[in-house]
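In case you want the letters, here they are:
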Amino acid sequence: MNVKRSDRPIGVLDSGVGGLTVVQSLKELLPEEDLLYFGDSANCPYGNRTKENILELMNNILDFMEERQVKAIAVACNTLSTLYDEYAPARHTPIFSIVQAAANDVARRNLKEVGLVCTEFTANSGLYEKLIDEQCPGLPVYTASNHNLASTLDQGRFAEVPDNVRANMQRLFAKGHPDYVILGCTHYPIVKDEFEKAAPGVTFLNPAHAQAEDIKNWLAENGLLRQDHRGSLEVVTSGEPHFYREMCLRLGIGEPDLLEQKSLP
Ligand code: DGL
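Residues numbered from 1 in each chain as written. Predicted model: local features only at pLDDT ≥ 70, side-chain atom pairs only at ≥ 80, totals over all residues. Heavy atoms only, no water.

Peer 1: Give me the lowdown on the side chain of Thr 237, citing residues and values where you can.
Peer 2: Position of Thr 237 relative to the elements: it lies in strand 9 (residues 233-237). At a separation of 3.4 Å, a polar atom in the side chain of Thr 237 contacts the side chain of Tyr 244. Not counting residues within four places of it along the chain, the set of residues in contact with Thr 237 comprises Phe 38, Gly 39, Ser 41, Tyr 244, Glu 260, Gln 261 and Lys 262. (Helix = DSSP H or I, 4+ residues; strand = E, 2+ residues; numbered from the N terminus. Polar contact = N/O pair within 3.5 Å; in protein donor to acceptor, adjacent residues only side chain to side chain. Contact = heavy atoms within 4.5 Å.)

Peer 1: Now, about helix 5 (residues 98-109): what can you tell me, with residues and values included?
Peer 2: For helix 5, with 12 residues, the first-to-last C-alpha span of 17 Å sits near the 16 Å given by 1.5 Å per residue. In this structure Ser 97 caps helix 5, since a side-chain oxygen of it lies 3.2 Å from the backbone nitrogen of Val 99. Looking one or two residues past helix 5, Asn 110 carries a phi angle of roughly 60 degrees, positive in sign. (Expected span 1.5 Å × (residues − 1).)

Peer 1: Which residues make up the site of the ligand, and what values do they have?
Peer 2: Taken together, 14 residues sit near the ligand, with Ser 15, Tyr 46, Gly 47, Thr 79 and Thr 186 positioned nearest. A distance of 2.6 Å separates an oxygen atom of the ligand from a polar side-chain atom of Ser 15. Taking Thr 186, its side chain carries an N or O atom lying 2.7 Å from a nitrogen atom of the ligand. When the ligand is considered free in solution it has 300 Å² of accessible area, and contact with the protein chains removes 99% of it. Of the residues contributing to the shell around the ligand, the split by class is six nonpolar, seven polar and one charged. (Near = heavy atom within 4 Å. Areas by Shrake-Rupley, 256 points an atom, 1.4 Å probe, with all protein chains shown as cover. Nonpolar A, V, L, I, M, F, W, Y, C, P; charged D, E, K, R; others polar.)

Peer 1: Before we move on, could you go through the side chain of Glu 66 and cite the residues and values that matter?
Peer 2: With respect to the helices and strands, Glu 66 occurs in helix 2 (residues 51-67). Separated by 2.7 Å, the side chains of Glu 66 and Thr 93 make a polar contact. The residues touching Glu 66, leaving out its near neighbours within four places in the chain, are Arg 91, His 92 and Thr 93.

Peer 1: Describe the packing of aromatic side chains, naming the residues involved and giving the relevant values.
Peer 2: One pass over the structure, following the stated rule, counts six aromatic pairs. When the centroid spacing of 6.1 Å and the interplanar angle of 65 degrees are considered together, the rings of Tyr 84 and Tyr 87 count as edge-to-face. Of this pair, Tyr 84 and Tyr 87 are both found in helix 4 (residues 84-87), three residues apart, which corresponds to roughly one turn of the helix. Summarising the aromatic geometry, the rings of Phe 195 and Phe 204 are spaced 5.5 Å apart at their centres and angled 50 degrees between planes, so their arrangement reads as tilted. Phe 204 matches Phe 195 in its accessibility class, with the two residues each being buried. The ring of Phe 158 carries Arg 250 above its face, with NZ or CZ at 4.2 Å from the centroid. (Phe/Tyr/Trp six-rings, centres within 6.5 Å; stacked < 30°, edge-to-face > 60°. Buried < 20%, exposed > 50% of the residue type's maximum accessible area, 1.4 Å probe, protein only. Lys NZ or Arg CZ within 6 Å of the ring centre and 35° of its normal.)

Peer 1: Pulling in residues and values, what's your account of the environment of Leu 30?
Peer 2: When you line up the elements, Leu 30 lands in the loop between helix 1 (20-29) and strand 2 (35-39). Distance in space between the C-alpha atoms of Leu 30 and Glu 213 is 9.2 Å, their sequence separation being 183 residues. Residue contacts for Leu 30: discarding those within four places in its chain leaves Ile 10, Ile 215, Lys 216, Leu 219 and Leu 225.

Peer 1: Got a sec to walk through the sheet that holds strand 8 (residues 203-205)? Specific residues and values, please.
Peer 2: Read from one edge to the other, the open sheet built from four strands follows the order 6-5-7-8, with strand pairing classed as parallel. Of all strands in the sheet, those with a lone pairing partner are strand 6 (141-145) and strand 8, marking the two edges. Going across the sheet, the axis of each strand differs from the next one's by a mean of 25 degrees, ignoring polarity. Here three bridges tie strand 5 (residues 114-118) to strand 7 (residues 180-183), and the two strands are oriented parallel to one another. Across the sheet, residue Val 117 finds its bridge partner in strand 7, namely Leu 183. (Pairing = 2+ DSSP bridges. Axes fitted to C-alpha atoms, helices over the stretch in contact; angles between N-to-C directions.)

This is how it looks when you write it as structure tokens:
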């Protein structure tokens with residue numbers, strides 16, 4: 001099948017439902033684009049796995065995306081973005097890291113210090129600190145990882161969220177009191193209101209918008225923007241499809257046009 005490059009979908013991937021927060025931003029910014037989402041809920045959370053295991057899972061998803069001939073791939077997962085250099089150079093499709101987008105966004109804001117909440121894997125990688133330091137040398141980054149918030153949200157256990165988030169913010173405040181905190185896991189913006197309740201006065205940054213902007217700019221620069229089309233959303237998951245439908249509705253994305261269960265490879 002030979003589809004004109006600009007008419008191909010944008011691929012969006014995550015370990016679970018969290019990347020739908022990036023779909024939300026892409027839909028706002030690029031309503032004419034078709035989106036193909038893969039959420040690997042059968043294997044979520046990724047953040048507590050080994051690097052080798054995560055890369056194996058990621059390469060299966062990238063193979064799927066390239067078979068479907070997407071024109072660009074949004075890694076709507078911070079944990080996976082920390083391993084960008086391990087998989088992106090070998091692929092022929094342009095791949096966009098949410099951690100890079102978030103670090104650039106922080107640099108543009110001219111902050112005095114910043115907080116970060118994220119998975120253990122993302123925290124241990126030190127990538128946020130490195131990318132922020134490259135652009136803002138010496139800017140303090142206070143990090144507090146969260147062992148199970150991504151899986152709690154992926155399994156829809158919302159009753160556990162307030163205590164979990166409060167404890168996460170207490171761990172962060174034990175290190176410093178930044179006015180701005182990056183939601184460094186794409187699952188966390190689903191419960192941004194709980195973070196705001198746990199830390200009044202703090203501004204929580206959702207990097208999804210910055211990543212969607214990066215993709216829009218790249219498509220525009222390369223003449224690949226889709227026009228005069230109602231963008232569709234196809235959601236594929238290794239987990240329970242009904243949960244993805246509910247999350248799409250919760251985030252105001254609306255019903256996916258196609259929703260199917262599939263295990264990779
Ligand atoms: N949404 C993923 C992230 O941004 C969650 C990772 C996980 O599965 O632990 O890091």
